[in-house]
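Structural features, examined
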Amino acid sequence: MADSSKKMQIVFASAECAPFVKTGGLGDVAGSLPAALVRAGAEVIVMVPKYATIKDEYKSQMEHFSDFYVSLGWRNEYCGLEKLEHDGVTYMFIDNERYFARDYPYGFFDDGERFAFFSKAITESLQHLPAGFECDILHCNDWQTALAPVFLREFYQGLPLYDRVKTVFSIHNVAFQGQFSDTVMEDILGVAHIPAAASQLRCDACSINYMLGALRYADAITTVSPTYANEIQTPEFGEGLDGVLRERSYALQGILNGIDVAGFDPATDKRIAANYTVGDRSGKAVCKAKLQEELGLEVRDDRPLMVMVTRLTRQKGMDLVMYALDRILSGGVQVAVLGTGDRDYEDGLRYFQDKYPGTMAARIEFDPALSQRMYAAADMFLMPSKFEPCGLSQIIAMRYGTLPIVRETGGLKDTVQPYNEFTGEGTGFSFTNFNGDEMGDAVFRAARLFWDNRDAWNQLVTQAMSQDFSWTRSADKYLDLYFFMHPEIERPAAVVDEPEAVAEPVAAEPEPKAKAEEKPVEAETVKTDSKVKVEATLEPEPEVKPAAKPAAKKTTTRKTTAKKATASKTTAAKTTTTRKRTTAAAKKAAEAEAVSEVKAEAAVKAPAKTTAKKTAATAKKTTAKKSTTTKAATTKAAAKPAAKVEETPAETKAETSVEAKPAAKTTTRKRATTTAKKTTTKAAAPKAEAKPAAAKVEPKAEVKAKPAPKTAEVKAAPKAEAKPEPAKETPVSPAAPAEEKAPTKKTSVRKATATRKRR
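Worth saying up front: this structure is predicted, and the values here are computed from it rather than measured. Residue positions are counted from 1 within each chain, in the order its sequence is given. Where local features are concerned, this predicted model is filtered to residues with pLDDT of at least 70; where side-chain atom pairs are given and counted, the filter is 80 or more; whole-chain, interface and lining totals use all residues. To obtain the side-chain values, all non-hydrogen atoms of the structure were used and water was disregarded.

1. Quick word on the overall build of the protein chain
We count a stretch as a helix when DSSP gives it H or I for four or more residues in a row; a strand needs E for two or more, and each element gets its number in order from the N terminus. From N to C terminus, the protein chain includes 34 helices and 18 strands. The proportion of buried residues among the 759 residues of the protein chain is 50%. Whether two residues are in contact is decided by their heavy atoms, any of which lying within 4.5 Å being enough. Intrachain contacts of the protein chain at a sequence separation of at least 6 include 72% that bridge at least 24 residues. Here the term buried applies to any residue with accessible area under 20% of the maximum for its type, exposed to any over 50%, and partly exposed to those in between, with areas from a 1.4 Å probe on protein chains only.

2. Topic: the sheet that holds strand β16 (residues 380–383)
Two strands qualify as a pair provided DSSP detects at least 2 bridges between them. One open sheet accounts for 6 strands, arranged β15-β14-β13-β16-β17-β18; its pairing is parallel. The open sheet is flanked by β15 (360–363) and β18 (429–431), the only strands paired with a single partner. Adjacent strand axes in the sheet meet at a mean angle of 15 degrees when their direction is disregarded. With 3 bridges joining them, strand β17 (residues 403–407) and β18 adopt parallel strand pairing. What sits directly across from Val406, in β18, is Ser430. Along the sheet face, helix α18 (residues 436–452) touches β13 (305–309), β16, β17 and β18 and points at about 160 degrees away from the line of β18. What counts as an axis is a line fitted to C-alpha atoms, over the stretch in contact for a helix, and the angles between N-to-C directions run from 0 to 180 degrees.

3. So, the environment of Phe483
Following the sequence through the fold, Phe483 ends up in helix α20 (residues 471–485). Distance from Phe483 to Met8, taken between C-alpha atoms, is 7.9 Å for residues 475 residues apart in sequence. Once you skip the residues sitting within four places of it in the chain, Phe483 turns out to touch Met8, Ile489, Glu490, Arg491 and Pro492.

4. Section: the sheet that holds strand β6 (residues 137–141)
Spatially, β3-β4-β5-β2-β1-β6-β7-β11-β12 is the arrangement adopted by the 9 strands of the open sheet, whose pairing is mixed. Bordering the open sheet on either side are β3 (63–72) and β12 (252–254), each of which pairs with just one other strand. Ignoring strand direction, the axes of neighbouring strands in this sheet form an average angle of 25 degrees. Pairing of strand β1 (residues 9–13) with β6, which is carried by 4 bridges, proceeds in the parallel orientation. Bridged to Val11 within β6 is Leu138. Helix α9 (residues 210–217) rests against β7 (166–171) and β11 (220–223) of the sheet, and its axis sits at about 135 degrees to β7.

5. Side note on the packing of helix α13 (residues 318–330) against α18
Direction vectors running N to C along α13 and α18 enclose 45 degrees, while the axes themselves pass 9 Å from each other. Regarding the angle of α13 to α18, the classification is oblique. The way α13 lies across α18 gives a crossing that is right-handed. Contacts between α13 and α18 pair Leu320, Val321, Tyr323, Ala324, Arg327 and Ile328 from the former with Gly436, Asp437, Met439, Gly440, Asp441, Val443 and Phe444 from the latter. Basically, the charged four are Asp, Glu, Lys and Arg, the nonpolar ten are Ala, Val, Leu, Ile, Met, Phe, Trp, Tyr, Cys and Pro, and anything else, Gly included, counts as polar. Taken together, the residues that form the contact of α13 with α18 break down as 8 nonpolar, 2 polar and 3 charged. Each angle gets one of four labels, with under 35 degrees taken as roughly parallel, over 145 as roughly antiparallel, 65 to 115 as roughly perpendicular, and the rest as oblique. Handedness of a crossing is defined here by the sense of rotation of the near helix relative to the far one, left-handed for an anticlockwise turn of less than a right angle and right-handed for a clockwise turn.

6. Let's talk about the side chain of Arg102
Within the secondary structure layout, Arg102 lies in the loop between α3 (97–100) and α4 (111–125). N or O atoms within 3.5 Å of each other form a polar contact, as long as, within protein, one can give a hydrogen and the other can take it, and as long as residues adjacent in sequence are counted only when both atoms are side-chain atoms. Within polar-contact distance, the side chain of Arg102 engages the side chain of Asp110 at 2.9 Å. Setting aside residues no more than four positions away along its own chain, Arg102 makes contact with Ala52, Thr53, Phe108, Asp110 and Arg114.

7. Some details on the pairing of β15
As defined by bridge partners, strand β14 (residues 334–338) adjoins β15 across 4 bridges and the pair is classed as parallel. Looking at the pairing, Val335 lines up with Met360 of β15.

8. Describing helix α19 (residues 454–465)
The span one expects for a helix is its residue count, reduced by one, times 1.5 Å. The first and last C-alpha atoms of α19 sit 16 Å apart over 12 residues, in line with the 16 Å expected at 1.5 Å per residue. Summarising the contacts, the buried residues of α19 are in contact with β16, α16 (393–399), β17, β18 and α18.

9. Side note on the pattern of salt bridges
Basic side-chain nitrogens of Lys or Arg form a salt bridge, by our definition, when they fall within 4 Å of a carboxyl oxygen of Asp or Glu. One pass over the full model with this rule turns up 29 salt bridges. Between Arg373 and Glu294 there is a salt bridge, with the nearest N and O atoms lying 2.8 Å from each other. Taken together, the residues span a long stretch of sequence, with Arg373 in helix α15 (residues 368–377) and Glu294 in helix α12 (residues 282–295) at a distance of 79 residues. Given the relative accessible area of 24%, Arg373 is considered partly exposed.

Below is the structure:
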């Protein structure tokens, strides 16, 4: 049974976390996702190394919470916990100056030992957390924390505090796995004597892989986009781990990252030249002019400005950029690039800047403030990555109304919907293969739309800015995973009940309609007792139909055909009874049949017609027709408050069947034809009266079309009656026509003798 009083308690471990320390996308995730989980009702503690590069303003706010020693192989290392509350989230900084008092988070010879200590400190600190906090989920990120699930299983399994802990491991980039010499397995990790751990960490004869251990030991594996989760299970993108990822595909899923929508908001961002919104984008033109002036480009609003904010590496598609840049610049597209990386790409960008002054700008530096101005000012954002787990730049660009041009891989494929020129759908432009010509074609598709169809371009910008990439959506997916792993904890009502509250009114809508349909039925019972029996059987079916509105027309046509078939069956049955009666009493066909059938119908449908027995046959027809016309008028007047599409044809069918039945009683063709004509004229009269009262045109067409087949049935019925009569009378002398056709000698002799005797 779920515990409603307990909240989901999560320890989120990451090697970097914005705003304290950040080198890439991992810092953005660790800085935003825990805050979204707290808003969703969970309790979260984020664990980060206390680097020397953290600003003093944050260090001064830290409070020493606890300290203990961590065993790492043959070592015992000091570990301090420094607590900091920031934006509603609790941060615990792992303090050890020997390992973390460095100028940069990564890139040192002892990184294997540094982050093995960090992983062991995470698992050890679970028993030193604030009072009342018992970890339910340990969420580890990338190879720096990958050994925590291994240590938890091998060294802490069986302890009461650790038994309830479930581990989740997130892959942010499978290319960075943490591979080291197998000598660290005994000297640092202390697991060489454990066969299971030693075999599952080893990736070749002399190396171990930290990420491989997490993939084998973690209870659940996530990555940062659904497409990337599929790609890393292939040899092309798996980086040697595709085999184990295919083995554990049942535990692997992709959840898209989000962005801090409050921090990246063009309406309130103070770092850009002018603010703007989706509805009023006049400020974006100001930002473009300012950036063109700042970068030394021609200040022109009729030329599209395409920017890149990226690391200058092959993984980011710089090979394609170098190949197609000459074609793009000569085609009239302005380009600005910001970033640092490989020297070859840096020199190539400087070359194009010198070749195309006023059209190309290269800033080989790291400048976050300039990157923000470029996001806001540009028309297009180029991101032709060879592979991209998720990518945040294209999401930020869409947030600022800059259309991304991306390669369809990983998170780029999941976040950018390519433009469809026929339907107008899309949020950007994309190309499939890692090919420079395809990238150039995609750039010029965007440029042509910018030049030739500015209305479609503006609509595309509106659609891109309207996308929801908040962390709330991502946090909800992670909570689905957490509560799946801990079903005994009840999920907060604020997360689950919102979609149900929307669905409840939809289910309750048909009830007032059903009540409204019942009222006209009760009004009709007072006026006509004969039609209550017919309508009571027909109207409960439309009451169920409002739940399935799209299929209402099809169901009504099916039911009308079924009702017509039943009506034709009843008329055919009555004609057979009339045939039997005519053979039994051929001379009393006009009177006896009419009286007997009036009695039979009076017992079933029309008890009010018993007064017509005493009058003549013509008087019966006229009184019946008048009564049916008055009933049709009363029922159609009563059908006005209901205003139902399906009730009107149902009632008219019942009326026309009642009108058609007296015509079926006659045995003469002339009477049948005259009565059929009269019934059609009388049925047309209530239709003319019902036209102003009807709400829609469709029911009228159905009502007009339906009485016609019934009159045809009425005409066909007396014909069927008239034809069998001579067929039944002629068999009295069956041999006579045969003798006349083929006379023989014997018959002629017999006739001669008979005539002689008579004479």
